[in-house]
Structures are given as C-alpha cells and as structure tokens.
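Architecture at a glance
Read off the chains here:
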Amino acid sequence: MGSKKLLLYLIGTEAMLILCIALANLNPTPILYFVFYNLLYGLVFSLLIPLYCLRKEKESLTSFGVKRLGTRQFAVLCAFVIFSVGGQLIPQMAAGEQIPWRLLPLGIAPLIMTTFFEEFLFRGFVQSRAEQQFGCLPAILISGAMFSLYHLGYPGFRAWEDLLLLFAVGLGFAAAYRLSGNNLIVSYFVNLPNAFVTYILKYEQFPVMSVSSTIAAAITLVLIGFIILMFRNTNRTMWR
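Residues numbered from 1 in each chain as written. Predicted model: local features only at pLDDT ≥ 70, side-chain atom pairs only at ≥ 80, totals over all residues. Heavy atoms only, no water.

Approximately 1100 Å³ is the volume found for the largest pocket. Lining the largest pocket are 50 residues, with Leu111, His151, Phe157, Phe206 and Pro207 positioned closest to its centre. Of all elements in the fold, only helix H2 (30–56), helix H3 (71–94), helix H4 (104–134), helix H6 (160–179), helix H7 (184–201) and helix H8 (211–239) reach the threshold of two or more residues within the lining of the largest pocket. With 7 residues, H6 is the largest single contributor of residues to the lining of the largest pocket. Of the residues belonging to the lining of the largest pocket, the class tally is 28 nonpolar, 18 polar and 4 charged. (1 Å grid on protein atoms, 1.4 Å probe; cavity = no way out; pocket = protein on both sides within 12 Å on 5 of 7 lines; lining within 4 Å. Points joined across faces, edges and corners; volume = space filled by probe spheres on them. Helix = DSSP H or I, 4+ residues; strand = E, 2+ residues; numbered from the N terminus. Nonpolar A, V, L, I, M, F, W, Y, C, P; charged D, E, K, R; others polar.)

Here you go:
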C-alpha cells in the first residue's frame, strides 16, 4: 500500500469510526448500539478490513505485532502499566478520595473488547503500516492522533482537554508498542488496565455499562476469536 493510498485509507477509516460510534451513542438502545458499535465500528472497520488487507498482502499476524513475549517485552509492559495506572490512582488515593471499584464488573467485558479493537487497528495495522511508509516517529504521531480523534464519536470525550489528554495517552500506547519491538500483546496489556482505571474514575463520560452491554461484548469477543482462528487457518493453508 503506497503512502498516498495509506493516508486516504486512514482518513476514511477514521471518519467511519467516528460516524459509527456517534450513531451508536445517538440512540443507545441495546440492538442499535450492538449494530453500530460492536459490529460496524468493531468487527468490520477495526478487524475484518485490516485482516482483508493483511491477506491481500499475503502477510501473517506477526506483521501486526502478534508475537511472543520475552524479557524486554515484560519490562516495557510493567513499566508502562505502573506509570499509567499509578499516575491516575496515586493522586486520587493520596487525596483521600474513594475509588468506585463497584463499577468495574459491568465494564470488564466491554473494555476488553474495545481495547482489543483499538490496539488491533491503531497499533497493529495503522502504526505498523505507517512506520513502513513514513518512519518510526511519524507512525507514533499518526497512531496517537487517530486514537485521540476517534473519541470524537463518544459524547463524553469531545472537549479539547480530553482530546489532548487522549493524544498523550495514545502516544504512550504507541511508544510501548514500538519500544517492545512492535508487540501488539504489550500495547494491549498496557491499554487494558489503563482503560479499567479511566472508566472507574471517569465513568460519567463513558457509555452506560449494563448487563446487556456485557452480554453483547461477550458475544463479540467470541466472534473475534472465531474470525482470527479462521484467518490463521486459511492463511496457513494458502501461504505456507
């Protein structure tokens, strides 16, 4: 994929992500949210289309950073998690504020799902492809910017302060991905605990987490596993 074609693809994808998420939150009934968020934003634009590009280019999931963890990867993972989670929790606890951990159970499955879509698309696909075309630093900036701007679809994250903070957070995830040797597992497990903590501290900015959203996320996670398994089996048969 050439540089111009890649940029057009990234701009179009970002616009579709924002649109799908905005439509999901416009009238957030369970079925509409599932269609626009889980299926369109998630499975179609964040998973299936990147996998289609991967298959078309005759590459494996390794090029998306799906690799084994080693000592270096564990070190990067631990350092970023301690910094990101501690940076949010320690000031709150030092100020004597109560942490609403009771909110977390209904957010676990939806956040596991959303974090996977974010990392698979923004780090696994976008950052890897951007680095091939433009180099390391531009790829990190592009990944962080797209991560930030896609949150425009969420009503609770449209303030400039939130977008700038998300850009900084996105740069952190992108840096973890790069410093770990472009390892998607590292960036995913850096993002996930950060998502948990951000949710319980800023839950009013998130879409409502409910039993229905947990069930929908669980179904989507099963579909993700099935799609990736089918891709790996097909890819192994066709390109070995």
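For the structure on display, the rule yields 4 salt bridges. Note that Arg129 is salt-bridged to Glu59, the shortest N-O span being 3.2 Å. Of this pair, Arg129 sits in helix H4 while Glu59 sits in the loop between H2 and H3, and the two are 70 residues apart along the sequence. The salt bridge involving Glu131 is made with Arg178; its shortest N-O contact spans 3.0 Å. (Salt bridge = Lys/Arg side-chain N within 4 Å of Asp/Glu carboxyl O.)

This part takes up the environment of Tyr188. Examined against the element boundaries, Tyr188 turns out to sit in helix H7. When its relative accessible area of 12% is taken as the criterion, Tyr188 is described as buried. As a C-alpha pair, Tyr188 and Arg123 span 65 residues in sequence and 9.0 Å in three-dimensional space. Once residues within four sequence positions are removed from consideration, Tyr188 is found in contact with Ile112, Thr115, Phe116 and Glu119. (Buried < 20%, exposed > 50% of the residue type's maximum accessible area, 1.4 Å probe, protein only. Contact = heavy atoms within 4.5 Å.)

Moving on to H7. For H7, with 18 residues, the first-to-last C-alpha span of 26 Å sits near the 26 Å given by 1.5 Å per residue. In terms of residue burial, H7 counts as a mostly covered element, since 14 of its 18 residues are buried. Where H7 begins, the side chain of Asn183 points an oxygen toward the backbone nitrogen of Ile185, at a separation of 3.0 Å. (Expected span 1.5 Å × (residues − 1). Polar contact = N/O pair within 3.5 Å; in protein donor to acceptor, adjacent residues only side chain to side chain.)

Positionally, Gln73 belongs in helix H3. In contact with Gln73, other than residues within four places in its own chain, are Arg68, Ser180, Asn183 and Val186.

Here the focus is the confidence of the model for the protein chain. Of all residues in the protein chain, 98% attain a pLDDT of 70 or more, and the chain-wide mean is 93. Averaged pLDDT values over the elements of the protein chain bottom out at 87 in H8 and peak at 97 in helix H5 (residues 136–149). (pLDDT = per-residue confidence, 0-100.)

Let's shift gears to the packing of aromatic side chains. If you walk through the whole model with that rule in mind, you get 19 aromatic pairs. On the basis of an interplanar angle of 80° and a centroid distance of 5.5 Å, the ring pair of Phe147 and Phe173 is categorised as edge-to-face. Of the two residues, Phe147 is situated in helix H5 and Phe173 in helix H6; the sequence distance between them amounts to 26 residues. The exposure class of Phe147 is buried, given its relative accessible area of 3%. The class for Phe173 is buried, based on a relative accessible area of 3%. For the pair Tyr199 and Phe206, a centre-to-centre distance of 5.3 Å together with 80° between the ring planes defines the contact as edge-to-face. Neither residue differs from the other here; Tyr199 and Phe206 are each classed as buried. (Phe/Tyr/Trp six-rings, centres within 6.5 Å; stacked < 30°, edge-to-face > 60°.)

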